[in-house]
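Now for the letters of each chain:
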Amino acid sequence: MAEQLSIGDLARRTGLSVSAIRFYEARGLLSPIRTRGNQRRFPRADIRRLSFAMIAQQLGLSLAEIEAELRTLPNGRSPTRADWAMISRRIRGRLDRQIRFLEQTRDRLDGCIGCGCLSLDACGLYNAADRAAKAGAGPRYLLGNSPADFEDRA
Ligand code: FES
């Protein structure tokens, strides 16, 4: 198994486009060596770095968060299990919050998909008089607000 991969091999192995790999390289997150013919050669460990970036994106981490985590990995050697474990510990809280949000969203939408009633009494999405706009832009009831947040408390 080759220890150094061409950019095409790395693209085939990860499923990323060559331009996406160049993007990560340009951000300083990958450090390929150059051959005598000035071709990039990536260490095999970069498959895991890029895989982490792809999975982290799927999990909802921003590019800035992904970059910050990748920058904690050592330059000049393959990351060890301990290096990856540190990242895992740091993002665990973020992932737990994301899981809770997805579960809440699923549960709220379960009742509404295919319903469409927007019942004042029963629907968790009904936004009477657009009161939820007080909390900001976006789908406030899916982002954590509830109608009780906007009840008059006179
Ligand atoms: S649309 Fe009917 S309960 Fe939400």
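Worth saying up front: this structure is predicted, and the values here are computed from it rather than measured.

(A) Examining the overall build of the chain more closely. When helices and strands are tallied, the chain shows five helices and three strands. The secondary structure elements of the chain, listed N-terminal to C-terminal, are β-α-α-β-β-α-α-α. Taking 2.2 N^0.38 as the reference for a compact globule, 154 residues should give roughly 15 Å; the C-alpha atoms of the chain span a radius of gyration of 22 Å, well beyond that estimate. Seen through its C-alpha atoms, the chain measures out along the principal axes to roughly 75 × 30 × 25 Å. For the chain, buried positions account for 29% of its 154 residues.

(B) Region of interest: helix α2 (residues 18-26). Those residues of α2 not exposed but buried are Ala20, Ile21, Tyr24 and Glu25. Taken down its axis, α2 places every buried residue within 145° of arc, on the same side. Residues of α2 that are exposed and angled more than 90 degrees away from the buried face: Ser19 and Ala26. Where α2 is buried, its residues meet α1 (7-14), β2 (33-34), β3 (40-43), α3 (46-58) and α4 (63-70). Residue Gly28 follows α2 closely and has a positive phi angle near 80°.

(C) Spotlight on the packing of aromatic side chains. The tally for this structure, following the rule as stated, stands at three aromatic pairs. Between the aromatic rings of Phe23 and Tyr24, the centroid separation amounts to 5.5 Å while the plane-to-plane angle is 75°, which identifies the pairing as edge-to-face. A ring pair is formed by Phe52 and Trp84, whose centres lie 5.9 Å apart and whose planes are at 50°; its orientation type is tilted. Of this pair, Phe52 sits in helix α3 while Trp84 sits in helix α5 (residues 81-112); the two residues are 32 residues apart in sequence, bridging distant segments of the chain.

(D) Here's a closer look at the packing of α3 against α5. At their nearest, the axes of α3 and α5 sit 13 Å apart, and the two run at 10° to each other. If you check the angle between α3 and α5, you find them roughly parallel. Where α3 abuts α5, its residues Arg48, Arg49 and Phe52 lie against Trp84, Ile87 and Ile91. Class assignment for the residues of the contact of α3 with α5 results in four nonpolar, no polar and two charged.

(E) The confidence of the model for the chain, seen in detail. Scored by pLDDT, the chain has a mean of 87; 97% of the residues are at 70 or more. Element-level mean pLDDT values for the chain span from 87 in α5 up to 96 in α1.

(F) Structural view of the layout of surface pockets. As a volume, the second largest pocket reaches approximately 160 Å³. Arg48, Ser51, Phe52, Ile55, Ala56, Leu59, Trp84, Ile87, Ser88 and Ile91 together form the lining of the second largest pocket. When contributions to the lining of the second largest pocket are tallied by element, the ones reaching two or more residues are α3 and α5. Among the elements that line the lining of the second largest pocket, the one with the most residues is α3, at five residues. Partitioning the lining of the second largest pocket into residue classes produces seven nonpolar, two polar and one charged.

Parameters at a glance
Residues numbered from 1 in each chain as written. Predicted model: local features only at pLDDT ≥ 70, side-chain atom pairs only at ≥ 80, totals over all residues. Heavy atoms only, no water. Helix = DSSP H or I, 4+ residues; strand = E, 2+ residues; numbered from the N terminus. Rg over C-alpha atoms; globule rule 2.2 N^0.38 Å. Buried < 20%, exposed > 50% of the residue type's maximum accessible area, 1.4 Å probe, protein only. Arc of directions from axis to C-beta. Contact = heavy atoms within 4.5 Å. Phe/Tyr/Trp six-rings, centres within 6.5 Å; stacked < 30°, edge-to-face > 60°. Axes fitted to C-alpha atoms, helices over the stretch in contact; angles between N-to-C directions. Parallel < 35°, antiparallel > 145°, perpendicular 65-115°, else oblique. Nonpolar A, V, L, I, M, F, W, Y, C, P; charged D, E, K, R; others polar. pLDDT = per-residue confidence, 0-100. 1 Å grid on protein atoms, 1.4 Å probe; cavity = no way out; pocket = protein on both sides within 12 Å on 5 of 7 lines; lining within 4 Å. Points joined across faces, edges and corners; volume = space filled by probe spheres on them.

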